[in-house]
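Observations on chain architecture
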Amino acid sequence: MNKITVKGGNRLYGTVQISGMKNAALPIVFASIVTGETCIIENIPLVDDVLKSIEIIREMGGSAEFIEPTTVKIDTKNFVAGSSPDDLACKIRGSMYLLGAELARSGETVLKQPGGCNIGKRPMDIHMKAFTALGADMDEGDDYIRGKVRDKLRGANIYFDFPSVGATINAIIAAVTAEGTTVIENAAREPHIVDVANFFNTCGANVTGAGTNTIKIHGVEKLHGCTYAIIPDMIEAGTYMTAVAATGGSVTIEGIIPKHMESVSQKLIDMGACVEEGDEWITVTSDGHLRGIKIKTMPYPGFPTDMQQQFGALLCLAEGEGEIYESIFEDRLRYTAELGKMGAQITVSDRTATFHGVKKLTGASVRALDLRAGAALVIAGLCAEGKTEVSGADYIYRGYYDFVPTLRRLGADISEDKYATHIYGD
């Protein structure tokens, strides 16, 4: 596992250009399978999970080449359903979108159980419910998920007990070419769901209501290829926003959609940071002195679960008491024990972490337990006295491209072990 080393104490200044959203790129890469034609996808984030998804497409008979540093041309004409490589599919959570894509494309699917971060239960039963409603017989075992369409996919009314992002996207993918109309009730509303719907509509689909809790998909007979640009990554932007709030300084986050950042921006303001925004930028200015607040993670437009760990790092040094209630993933507070090694005072009870602000953190050897926890530990290291070594940095590379060089350009004293970067077109 790779390691990131941070020496704390430097304030951050400058600008950051945000990449495309990982959580939009993953389903859109796999959604291109449904078209059977060539799609040019722009603003692709060059993070490990997305690069693995592109490699999966290649190993399943499709072609994928980078024609620009962040633009990939995908042709799935010769795609072979059911041939996903186990060694890659089991490493990323996003491989689950192969299920909907293969059912739509060929009427059957087989997939090694998807991987991803260990942040709590992430059952696939809600996905199975959607596919079954659309006309597929599904079988989920410990190792594999299999499915076969009984006759043809047909539109259906689907109600989710919980607004699952992954299940909402998978249902859209499977339904775009199904016969008739599909209505998804209690759908998730996250921006990347809107992005997937917009991608499909650009390919000739008829999806309405994305971004609300009711989505309608009027099935079309065939899709065509398209050129489409991924939206900016709100979690990457939020991570850099919390980093400058923690250290002090002033950083402008460029190439973003400020509306997507509203819950994060408001919490930073509540803590005492200054947040200014324009059409496609946000500037965060902080003197590093913050106050404790309460946070409850919620589905969008509530506070995102993917940002709570970064805010946990902030709350360690905030004045007074802060609290985080994690309502989405029951195991997402494990990182607090690593912050405790740095001198943080945190008590955890079930899904609630209470942060008792301390005067300082001290550098220590800590371990990233998942993607966002790794980012949180780096943020804590930026504020700590002395040297912090974050092992398990491979998790961080799953979701952040150029993370260490970007922080270094902003003034951080940070380095990383040699990391084998991917070459465009590999």
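Quick caveat: nothing in here was measured; it's all calculated off a predicted structure. (Residues numbered from 1 in each chain as written. Predicted model: local features only at pLDDT ≥ 70, side-chain atom pairs only at ≥ 80, totals over all residues. Heavy atoms only, no water.)

The first and last C-alpha atoms of helix α8 (residues 234-247) sit 20 Å apart over 14 residues, in line with the 20 Å expected at 1.5 Å per residue. Backbone nitrogen of Ile235 and a side-chain oxygen of the N-cap are separated by 2.9 Å at the start of α8; the cap is Asp233. A positive phi of about 90° marks Gly248, the residue just after α8. (Helix = DSSP H or I, 4+ residues; strand = E, 2+ residues; numbered from the N terminus. Expected span 1.5 Å × (residues − 1). Polar contact = N/O pair within 3.5 Å; in protein donor to acceptor, adjacent residues only side chain to side chain.)

At a minimum axis distance of 10 Å, the contact between helix α6 (residues 165-175) and helix α7 (residues 191-202) shows a crossing angle of 10°. The orientation of α6 relative to α7 falls into the category roughly parallel. Here Val165, Thr168, Ile169, Ile172 and Ile173 of α6 come into contact with α7, specifically with His192, Ile193, Val196 and Phe200. Split into classes, the residues belonging to the contact of α6 with α7 amount to seven nonpolar, two polar and no charged. (Axes fitted to C-alpha atoms, helices over the stretch in contact; angles between N-to-C directions. Parallel < 35°, antiparallel > 145°, perpendicular 65-115°, else oblique. Contact = heavy atoms within 4.5 Å. Nonpolar A, V, L, I, M, F, W, Y, C, P; charged D, E, K, R; others polar.)

This next bit is on the environment of Lys222. Position of Lys222 among the secondary structure elements: in the loop between β12 (214-218) and β13 (227-229). Those residues within four positions of Lys222 in sequence are excluded, and the remaining contacts are Thr35 and Glu37.

Glancing now at the pairing of strand β18 (residues 321-325). The side-chain alternation of β18 yields one buried face, formed by Gly322 and Ile324, and one unburied face, formed by Glu321, Glu323 and Tyr325. Direction of pairing for strand β17 (residues 294-296) relative to β18: parallel, over a ladder of three bridges. Considered in β18, the bridge of Lys294 is made with Glu323. Handedness of the crossover is the feature at issue here: the chain leaves β17, passes through helix α10 (residues 308-317), returns alongside β18, and the resulting connection is right-handed. (Buried < 20%, exposed > 50% of the residue type's maximum accessible area, 1.4 Å probe, protein only. Pairing = 2+ DSSP bridges. Right-handed = clockwise from strand over helix to strand, strands pointing away.)

Within the secondary structure layout, Ile253 lies in strand β14 (residues 249-254). Residue Ile253 is classed as buried on the basis of its relative accessible area of 0%. The spatial distance from the C-alpha of Ile253 to the C-alpha of Ile18 is 7.0 Å, given a sequence separation of 235 residues. With near-sequence residues (within four places) excluded, Ile253 lies in contact with Val16, Ile18, Ala237, Tyr240, Met241, Glu280, Trp281 and Ile282.

Glancing now at the pattern of salt bridges. Within the structure shown, the criterion is met by 16 salt bridges. Between Glu389 and Lys3 there is a salt bridge, with its nearest N and O atoms 3.7 Å apart. Residue Glu389 is found in strand β22 (residues 387-391), and its partner Lys3 is found in strand β1 (residues 3-7); the two are separated by 386 residues along the sequence. Judged by relative accessible area, which is 27%, Lys3 ranks as partly exposed. Measuring nitrogen to oxygen at the nearest pair gives 3.2 Å for the salt bridge that ties Glu55 to Arg58. Remark: Arg58 and Glu55 occur in helix α2 (residues 48-59); sequence separation between them is three residues, near one turn of the helix. The exposure class of Glu55 is partly exposed, given its relative accessible area of 25%. Each member of the salt-bridge network shares a partner with another, and the members are Asp151, Lys152, Arg154 and Glu179. (Salt bridge = Lys/Arg side-chain N within 4 Å of Asp/Glu carboxyl O.)

Judged by pairing direction, the sheet is mixed, and its four strands sit side by side in the order β17-β18-β20-β19 without closing on themselves. This sheet does not close on itself; its edge strands, each paired only once, are β17 and β19 (345-349). On average, each strand axis in the sheet is inclined to that of its neighbour by 15°, with strand direction left out of account. Examined bridge by bridge, β19 and strand β20 (residues 352-356) share five bridges and lie antiparallel to one another. Opposite Thr347, over in β20, you have Thr354 as the bridge partner.

Structurally, Ser263 is set in helix α9 (residues 262-271). Classification of Ser263 as buried rests on a relative accessible area of 18%. The residues touching Ser263, leaving out its near neighbours within four places in the chain, are Pro301, Gly302, Phe303 and Pro304.

Looking now at the nonpolar core. Counting 150 residues, the largest nonpolar core has Phe200 and Leu268 as the members making the most contacts within it. Sequence-distant contacts of Phe200, defined by excluding residues within four places in its chain, comprise Ala31, Val34, Ile172, Ile173, Val176, Ala205 and Leu223. (Core = buried A, V, L, I, M, F, W, Y, C linked by side-chain atoms within 4.5 Å.)

With that settled, the discussion passes to the packing of aromatic side chains. Under the criterion given, the structure shown has five aromatic pairs. Every member of this aromatic cluster is reached through a ring pair, and the members are Phe199, Phe200 and Tyr228. (Phe/Tyr/Trp six-rings, centres within 6.5 Å; stacked < 30°, edge-to-face > 60°.)

Turning next to the side chain of Asp233. Mapped onto the secondary structure, Asp233 falls in the loop between β13 and α8. For the buried Asp233, no salt bridge exists, and the shortest N-O distance to an oppositely charged side chain is 5.2 Å, to Arg372. A polar atom in the side chain of Asp233 sits 3.1 Å from the backbone nitrogen of Lys22. A polar side-chain atom of Asp233 sits 3.0 Å from the main-chain amide nitrogen of Glu236. Sequence-distant contacts of Asp233, that is, excluding residues within four places in its chain, are made with Ile18, Ser19, Gly20, Met21 and Lys22. (Lys, Arg positive; Asp, Glu negative; His and termini not counted.)

Scope: geometric values only; no functional claims are made or implied.
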